[in-house]
Amino acid sequence: MAPQYAPSLRSRLAPILLLIQIAFIVIYAFYFEIDNHIKERDGTAFTTFYSEFQDVNTMVMLGFGFLSTFLVRYGYSSSGFNLLVAVMAVQWALILNGVESWYYRGKIKINLKSLVYAEMCTVPALISIGTVLGKTNPVHLILIALIEVSGFVLNEWLVHIIVKTRPLNSIMQLHIYGTFFGLMLTWFLYRKGSEQPFEKEKLSRNSGLFSMLGTLFLWMFWPSFNSILEDNYSLERRLGAVSSTYLSLAVSVATAASVSIVTSPKGKLNLVHIQSSILAGGVAVGVAMPVVHKPWEAMTLGFVAALLSTIGNKYLKSHMALVFQCHDTCSILSTHGLPGLLGWLAQFLLLKDFDDHTTAIRFAVFHITSLFITLSLSLSTGIITGILLKWKFWRPPQDRKCFDDQAFWEFPHLAVQK
Amino acid sequence: MAPQYAPSLRSRLAPILLLIQIAFIVIYAFYFEIDNHIKERDGTAFTTFYSEFQDVNTMVMLGFGFLSTFLVRYGYSSSGFNLLVAVMAVQWALILNGVESWYYRGKIKINLKSLVYAEMCTVPALISIGTVLGKTNPVHLILIALIEVSGFVLNEWLVHIIVKTRPLNSIMQLHIYGTFFGLMLTWFLYRKGSEQPFEKEKLSRNSGLFSMLGTLFLWMFWPSFNSILEDNYSLERRLGAVSSTYLSLAVSVATAASVSIVTSPKGKLNLVHIQSSILAGGVAVGVAMPVVHKPWEAMTLGFVAALLSTIGNKYLKSHMALVFQCHDTCSILSTHGLPGLLGWLAQFLLLKDFDDHTTAIRFAVFHITSLFITLSLSLSTGIITGILLKWKFWRPPQDRKCFDDQAFWEFPHLAVQK
Amino acid sequence: MAPQYAPSLRSRLAPILLLIQIAFIVIYAFYFEIDNHIKERDGTAFTTFYSEFQDVNTMVMLGFGFLSTFLVRYGYSSSGFNLLVAVMAVQWALILNGVESWYYRGKIKINLKSLVYAEMCTVPALISIGTVLGKTNPVHLILIALIEVSGFVLNEWLVHIIVKTRPLNSIMQLHIYGTFFGLMLTWFLYRKGSEQPFEKEKLSRNSGLFSMLGTLFLWMFWPSFNSILEDNYSLERRLGAVSSTYLSLAVSVATAASVSIVTSPKGKLNLVHIQSSILAGGVAVGVAMPVVHKPWEAMTLGFVAALLSTIGNKYLKSHMALVFQCHDTCSILSTHGLPGLLGWLAQFLLLKDFDDHTTAIRFAVFHITSLFITLSLSLSTGIITGILLKWKFWRPPQDRKCFDDQAFWEFPHLAVQK
């Protein structure tokens with residue numbers, strides 16, 4: 001007979017976490033130092049940078065966590081594990097991003113830019129986790145995060161070496177990387193019977209509002225997310241990124257609402273679909289940023305992205321579960337995958353100022369290669385991680401305990417009757 | 001017999017939204033461009049501006065929406081429709097505010113300043129919506145927003161032409177404009193029987209806390225709201241606006257709490273009254289900004305504004321419903337109207353440095369004219385909108401479905417028993 | 001027989017609040033003015049400062065309030081009284097901090113720096129209130145705040161006079177001051193029978209999430225809290241403070257999670273313990289800031305602080321209640337006290353660059369004296385306040401009404417059945 005209680009994580013989570021954390025501290029002790037040579041113009045950078053850094057920090061630590069609190073019995077886990085995974089992934093990303101600096105200079109410097117870069121490298125992990133949310137335990141999530149951050153940093157390095165893209169452009173591949181990594185994961189971790197929604201995979205009035213709150217923080221601060229890595233000294237490009245993202249997100253809201261109501265037989269809005277889809281414009285513009293120069297381009301991207309995303313949310317999720325055995329809790333494919341691919345495609349359509357035919361073909365080859373590298377790497381690392389996580393040693397929660405905080409959290413004083 | 005379900009908005013909301021949105025994209029394609037000539041000193045402006053822009057953005061997109069989540073069954077609509085209305089109104093305001101630039105230069109430039117200006121022009125619409133919250137559908141709300149933004153921009157233009165006020169001063173009329181527009185609306189849309197509170201017009205513990213959260217974001221970031229349009233290169237004036245607003249808001253909290261407890265027979269605080277009234281100081285100081293130079297002036301304004309607002313919340317709301325058939329869901333008259341008028345009055349009392357008697361009279365005439373224009377325009381556009389919205393074509397929700405998310409939102413997986 | 005209803009605060013809270021508030025306005029009218037001579041380099045300071053000021057503002061007004069909304073029936077009071085106490089304490093702290101300026105120049109200037117300084121002086125009061133939360137009424141809380149802010153400003157002045165510490169260093173004593181003041185308070189206000197948790201001293205799913213939200217805002221913005229008072233013109237030191245605090249907080253999250261799971265027999269996480277303990281790293285690094293120069297130092301501090309804090313949360317709280325009759329609602333001793341003392345200790349262990357033995361001893365004596373002053377002053381003012389609050393005149397809530405919003409808030413339209 002199956003055990004009545006969720007398997008204890010005491011002998012798994014605690015030693016793994018402690019071990020990794022202590023290893024991190026040791027590595028930092030030998031190789032890291034705080035950047036203490038700020039040049040005058042970097043002084044201005046601190047000033048400019050800090051409020052945007054906090055916007056991105058809020059998105060990563062609060063936004064992504066609360067976005068997924070819509071699951072009625074999984075709010076503690078959604079928000080808590082997001083924080084736990086993010087801090088582990090950030091520490092790991094700081095190390096990986098510093099390898100080159102360590103190789104040449106023996107030391108890795110920490111400053112606001114490296115912190116924000118590390119936070120962005122953790123975002124693919126937070127995205128992927130959305131696909132397996134509620135069906136995994138925190139040990140799984142930490143393993144996913146560490147492997148995925150490694151793969152993503154490797155991906156950036158490969159793209160940089162082979163295609164010579166600037167890091168600023170390649171980092172926005174994070175949406176595509178995170179999505180396909182996550183889809184492989186959830187495909188490998190598929191549980192029989194999840195064609196039907198899980199018993200506890202539903203929302204309540206309050207959990208919907210918490211989720212709304214997280215979504216709004218993502219939505220409001222997305223302009224910072226897309227602009228922060230634009231070259232510091234070119235304020236024009238940052239302003240362009242902010243304005244484009246803002247307009248694109250605005251159009252996404254209107255589009256998501258109208259498509260949601262059109263596709264509903266009773267003419268009602270669906271909160272969860274809308275929450276995912278209003279972010280689609282930010283994703284698409286982020287990926288296509290180098291070629292978006294006019295307001296209407298950003299707005300059209302926002303329109304098409306939200307259209308794809310809302311339709312994807314409505315029809316694709318159940319289809320994926322039935323046909324491909326891919327149960328995607330937070331509809332990551334529709335929220336980040338489709339808009340990300342759209343942004344990639346938009347770079348073809350919107351790029352026009354080529355000197356000659358050869359440059360155009362050269363760009364096309366490089367652009368396709370870059371996507372190809374990202375897809376192969378995300379799919380392959382996703383498969384490897386999926387295989388690793390199948391191992392029963394990690395004590396996955398039973399089906400009955402999926403989407404339930406009580407598997408992981410004490411409820412000693414929980415009010416029985418509210 | 002009345003239909004059992006709320007009337008479907010499928011054939012109303014979707015086409016209207018899509019049509020307007022596509023029209024916006026077309027207009028933007030022809031006339032808009034992103035500002036890409038930032039001068040050196042504007043560079044500093046980007047730096048200074050961006051964090052305040054995000055504060056205002058948080059107020060508009062999250063603050064006003066969550067402020068009205070106190071309605072226990074209307075949280076999705078309060079926060080979601082606020083976002084929807086805000087993005088439509090911002091896009092429309094960008095167009096209207098750019099008409100002059102388009103006329104002279106053929107193009108409208110988008111930068112942080114025009115974005116923030118557009119957000120401020122949408123605030124009157126968000127305020128007015130508070131009066132009819134729960135008794136309208138999103139089609140109504142979008143119509144209100146578009147008409148009201150047009151009226152408000154027209155009002156600013158008229159005040160500027162006739163009274164020669166600087167736009168920075170006239171924009172704070174938004175509180176007065178929004179209130180009286182909203183009162184006219186709710187008077188026209190009055191439903192029989194709403195002398196008694198509606199069945200679902202109540203709050204729960206959790207909805208009260210969500211509302212507290214939205215209020216706090218408004219309260220904390222109000223100094224940014226009042227200071228952001230002060231001249232960029234005069235940091236002294238911005239600092240003055242920040243300090244005055246901060247002190248005024250602080251005094252409002254203490255005053256609202258003590259008045260709320262004095263007027264309660266059992267000596268208890270009323271959460272909803274306090275939430276509205278702690279913001280009164282920010283409204284009053286915002287309107288009276290040009291003449292507030294000393295801390296005590298700001299504090300006294302905060303004190304009187306909160307006093308008026310709390311008493312208004314306690315006695316005026318039910319009175320208005322009974323006598324004037326004005327059912328004002330969010331007590332907009334007490335929250336924005338009375339403090340706004342107080343701020344207007346304060347400009348008389350606090351202005352002292354006149355050269356001679358003639359200037360004083362000249363100022364008085366201009367000041368009264370300015371209020372007169374705002375009031376006439378807000379009342380008349382409010383009446384026109386009210387008449388338009390009476391049209392059954394827009395499918396207003398039935399009385400039974402007022403203040404209920406289920407009229408507009410799908411609850412497919414809603415947990416029956418939480 | 002005991003009265004059935006909570007004692008009315010109408011005749012206590014209202015006159016006290018109004019009187020103090022009017023007194024403040026009068027004082028401000030005579031002695032305060034808004035700083036209107038901003039030098040060029042202060043201009044940059046406004047720019048840099050404002051976004052960090054808003055971060056600290058968010059922590060003080062929203063973060064501390066929502067941190068303690070985990071109490072299921074005490075959310076209105078936790079968040080509302082926090083705001084009320086904070087605004088009274090800030091106004092009082094502005095006066096006390098300005099006494100010197102008033103003495104020499106006759107006027108006290110208000111600018112962003114003095115506002116932020118005043119907000120930091122109110123933090124000890126907000127910390128102490130955590131120990132007596134739910135067992136006091138707002139009159140108590142305001143008295144606590146006014147006395148404690150006075151004591152803390154006196155403490156800073158004494159430390160400055162006797163030990164010649166820079167204010168920037170001594171202000172971080174606020175964690176130690178707040179804790180021991182609070183412990184004395186709760187010891188004096190001990191209620192018989194509170195060895196067992198109170199009937200309503202428990203959390204629900206939603207109250208846990210509100211609390212998570214408040215905690216996250218504290219956690220995310222703590223780098224601003226620790227860096228904002230570092231010398232403005234030394235951006236290197238501010239960057240150092242930001243990076244150290246960030247790393248320390250990150251390590252605290254991982255440590256708190258693993259210790260919480262190790263000490264739980266069923267291998268489950270405890271939300272309230274984790275929420276308190278993830279902040280421990282920020283406290284410890286804040287206190288030890290002058291000597292933390294390397295990333296590993298910050299991380300090790302974060303590790304040990306979270307270890308102490310989680311173990312303290314697990315075992316110390318009930319022990320304190322049983323043995324010392326100290327019922328510490330928010331586990332302030334473990335959240336702020338132990339990490340604060342650890343930070344103090346770390347200054348001994350990490351300081352190494354002494355010229356000679358004499359300087360080292362000199363530092364040691366001064367450092368111990370400084371702690372000694374803080375402890376004596378916090379304990380003695382705590383005892384005095386405790387004795388004052390025992391007075392029945394303030395109408396403390398009955399045991400049955402502890403941890404219950406209904407003692408202080410109207411619930412007229414409260415949905416009976418949600």
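Bear in mind the structure is a predicted one, so any value in this text is a computation, not a measurement.

Let us look at the overall build of chain A. Looking only at helices and strands, one finds 15 helices and two strands in chain A. Here the C-alpha radius of gyration of chain A, 21 Å, is about what a compact globule of 418 residues would show, namely 22 Å. Its C-alpha atoms give chain A principal-axis dimensions of roughly 70 × 60 × 40 Å. Counting across all 418 residues of chain A, residues that qualify as buried make up 67%. Put simply, 83% of the contacts in chain A that link residues at least 6 apart link residues at least 24 apart.

What follows covers the interface of chain B and chain A. Facing 69 residues of chain B, the contacting portion of chain A comprises 63 residues. Carbon and sulfur atoms make up 73% of the surface buried where chain B meets chain A, a total of about 5800 Å² over both sides. One can count two salt bridges joining chain B with chain A. At the boundary of chain B and chain A, one finds eleven residue pairs in polar contact (both at pLDDT 80 or more). Elements supplying a minimum of two residues to the side of chain B that touches chain A: helix H1 (13–31), strand E1 (32–34), helix H2 (40–67), helix H3 (75–97), helix H5 (112–132) and helix H9 (205–227) of chain B. Looking at side-chain class alone, the side of chain B that touches chain A contains 41 nonpolar, 19 polar and nine charged residues.

Turning next to the relation of the copies chain C and chain A. For the pair chain C and chain A, the best superposition has an RMSD of 0.0 Å and corresponds to a rotation of 120 degrees with a translation of 0.0 Å parallel to the axis. Both chain copies can therefore be described as sitting about a three-fold axis. Relative to the rotation axis, the closest C-alpha in chain C is found at Ser 51 of chain C, a distance of 3.4 Å. Little of the interface of chain C is mirrored in chain A, where only 12% of its interface residues are also at the interface.

Time to look at the nonpolar core. A general trend in soluble globular proteins is that nonpolar side chains are found buried together. Judged by nonpolar contacts, the single largest core of 381 residues is most densely connected at Trp 219 of chain A, Trp 219 of chain B together with Trp 219 of chain C. Residue contacts for Trp 219 of chain C: discarding those within four places in its chain leaves Met 61, Leu 83 and Val 87 of chain A together with Leu 249, Ala 250, Val 253, Ile 278 and Leu 279 of chain C.

With that settled, the discussion passes to the relation of the copies chain B and chain A. Under the fitted operation, chain B is carried onto chain A by 0.0 Å of movement along the axis and a turn of 120 degrees, and the coordinates agree to an RMSD of 0.0 Å. A distinct binding surface is used by each copy, with only 13% of the interface residues of chain B retained as interface residues in chain A.

This part takes up the packing of helix H1 (residues 13–31) of chain A against helix H10 (residues 235–262) of chain C. Interaxial distance between H1 of chain A and H10 of chain C falls to 8 Å at its minimum, and their mutual angle equals 155 degrees. Comparing their axes, H10 of chain C and H1 of chain A come out roughly antiparallel. The handedness of the crossing between H1 of chain A and H10 of chain C is left-handed. Residues Leu 13, Ala 14, Leu 17, Leu 18, Gln 21, Ile 25 and Tyr 28 of chain A of H1 of chain A pack against Leu 247, Val 251, Ala 254, Ala 257, Ser 258, Ile 261 and Val 262 of chain C of H10 of chain C. Counted by class, the contact of H1 of chain A with H10 of chain C contains twelve nonpolar, two polar and no charged residues.

Facing 60 residues of chain C, the contacting portion of chain A comprises 69 residues. Of the roughly 5800 Å² buried where chain C meets chain A, counting both sides, 73% is carbon and sulfur surface. Inspection of the chain C/chain A interface yields two salt bridges. When the shortest N-O distance is used, the salt bridge between Arg 205 of chain C and Asp 405 of chain A registers 3.6 Å. Counting every contact that joins chain C to chain A gives twelve residue pairs in polar contact (both at pLDDT 80 or more). When residues of the side of chain C that touches chain A are traced back to their parent elements, those giving at least two are helix H2 (40–67), helix H9 (205–227), H10, helix H11 (271–277) and helix H13 (295–324) of chain C. Counting residues per element, the side of chain C that touches chain A draws most heavily on H10 of chain C, which supplies 18 residues.

Okay, a nonpolar patch on the surface next. All names here are of chain A. Together, Ile 22, Val 26, Phe 30, Tyr 31, Val 99, Trp 102, Tyr 103 and Tyr 104 make up an exposed nonpolar region whose accessible area comes to about 870 Å². When contributions to the nonpolar patch are tallied by element, the ones reaching two or more residues are H1 and helix H4 (99–105). Tracing the backbone shows Ile 22 in helix H1. Looking at Ile 22, the relative accessible area reads 42%, which means it is partly exposed.

Residues and elements named next belong to chain A. Inspection of the secondary structure puts Lys 202 in the loop between helix H8 (174–188) and helix H9 (205–227). By relative accessible area, which is 27% here, Lys 202 ends up partly exposed. Sequence separation between Lys 202 and Tyr 74 is 128 residues, and the spatial gap between their C-alpha atoms is 9.9 Å.

Residue and element names in this part refer to chain B. One can describe the packing of helix H10 (residues 235–262) onto helix H12 (residues 280–288) by two numbers: an axis separation of 7 Å at closest approach and a directional angle of 145 degrees. Note on packing geometry: the crossing formed by H10 with H12 is right-handed. On H12, the residues touching Ser 244, Thr 245, Ser 248, Leu 249 and Ser 252 of H10 are Ala 280, Gly 281, Gly 282 and Val 285. Across the contact of H10 with H12, the residue classes break down as three nonpolar, six polar and no charged.

Turning our attention to H12 of chain B. All names here are of chain B. Within H12, nine of the nine residues are buried, leaving the element largely enclosed by the surrounding structure. Here H12 has its buried residues at Ala 280, Gly 281, Gly 282, Val 283, Ala 284, Val 285, Gly 286, Val 287 and Ala 288. The inward-facing, buried residues of H12 abut helix H8 (174–188), H9, H10, helix H11 (271–277), helix H13 (295–324) and helix H14 (332–350).

Residues and elements named next belong to chain A. Confidence in the prediction for chain A averages 87 pLDDT; 90% of positions are at 70 or higher. Looking over chain A, one finds the lowest element-wise mean pLDDT in helix H7 (residues 167–170), namely 70, and the highest in helix H3 (residues 75–97), namely 95. Counting contacts from residues 414–418, a segment whose pLDDT is below 50, to residues more than four positions away or on other chains yields ten contacts. Interface scoring of the predicted complex returns ipTM 0.93; its pTM is 0.94.

Rules used in this analysis
- Residues take numbers from 1 onward in each chain, read along the sequence in its written order.
- Chain A is the first chain written and ligand 1 is the first ligand written, with later ones labelled in order.
- Only residues with pLDDT of 70 or above have their local features reported here, since the model is predicted, and side-chain atom pairs are shown and tallied only from 80 upward, although totals for entire chains, interfaces and linings are computed over all residues.
- Note: side-chain values were computed over all heavy atoms of the structure, leaving out hydrogens and water.
- In this text, helices come from DSSP runs of H or I with a minimum length of four residues, and strands from runs of E with a minimum of two, each type numbered from the N-terminal end.
- Radius of gyration here is computed from C-alpha atoms only, and the compact-globule reference equals 2.2 Å multiplied by the residue count raised to the power 0.38.
- Accessible area is worked out with a 1.4 Å probe on protein chains only. A residue is then buried under 20% of its type maximum, exposed over 50%, and partly exposed in between.
- Only heavy atoms enter the contact rule, under which two residues are in contact if any of them lie within 4.5 Å.
- A 1.4 Å probe defines the accessible area here, and the buried area is the portion of it lost by two parts on being joined, summed over both.
- A pairing counts as a salt bridge when a side-chain nitrogen of Lys or Arg comes within 4 Å of a carboxyl oxygen of Asp or Glu.
- Distance and chemistry together define a polar contact, namely a pair of N or O atoms within 3.5 Å, with one atom able to donate a hydrogen and the other to accept it when in protein, and with adjacent residues in sequence counting only for side-chain atoms on both sides.
- Charged residues are taken to be Asp, Glu, Lys and Arg, nonpolar residues to be Ala, Val, Leu, Ile, Met, Phe, Trp, Tyr, Cys and Pro, and polar residues to be all remaining types, Gly included.
- In this comparison the copies share one frame, found by least squares on the C-alpha atoms of residues holding pLDDT of at least 70 in both.
- As used here, the term nonpolar core means buried Ala, Val, Leu, Ile, Met, Phe, Trp, Tyr and Cys residues forming a set that is joined through side-chain atoms within 4.5 Å.
- The axes used here are C-alpha line fits, helices contributing only the stretch in contact, and every angle between their N-to-C directions lies in the interval 0 to 180 degrees.
- Should an angle lie under 35 degrees it is considered roughly parallel, over 145 roughly antiparallel, and from 65 to 115 roughly perpendicular; all remaining angles are considered oblique.
- Each helix crossing is assigned a hand: it is left-handed if the near helix lies turned anticlockwise from the far helix by less than a right angle, otherwise right-handed if that turn is clockwise.
- Patch construction takes residues with relative accessible area above 30% that form no salt bridge. Like charges are linked within 9 Å, and nonpolar side chains (Val, Leu, Ile, Met, Phe, Trp, Tyr) are linked within 5 Å.
- Surface exposure here means Shrake-Rupley accessible area, sampled with a 1.4 Å probe, where a residue is shielded only by the protein chains that are shown.
- Think of pLDDT as the predictor's per-residue confidence, scored from 0 to 100.

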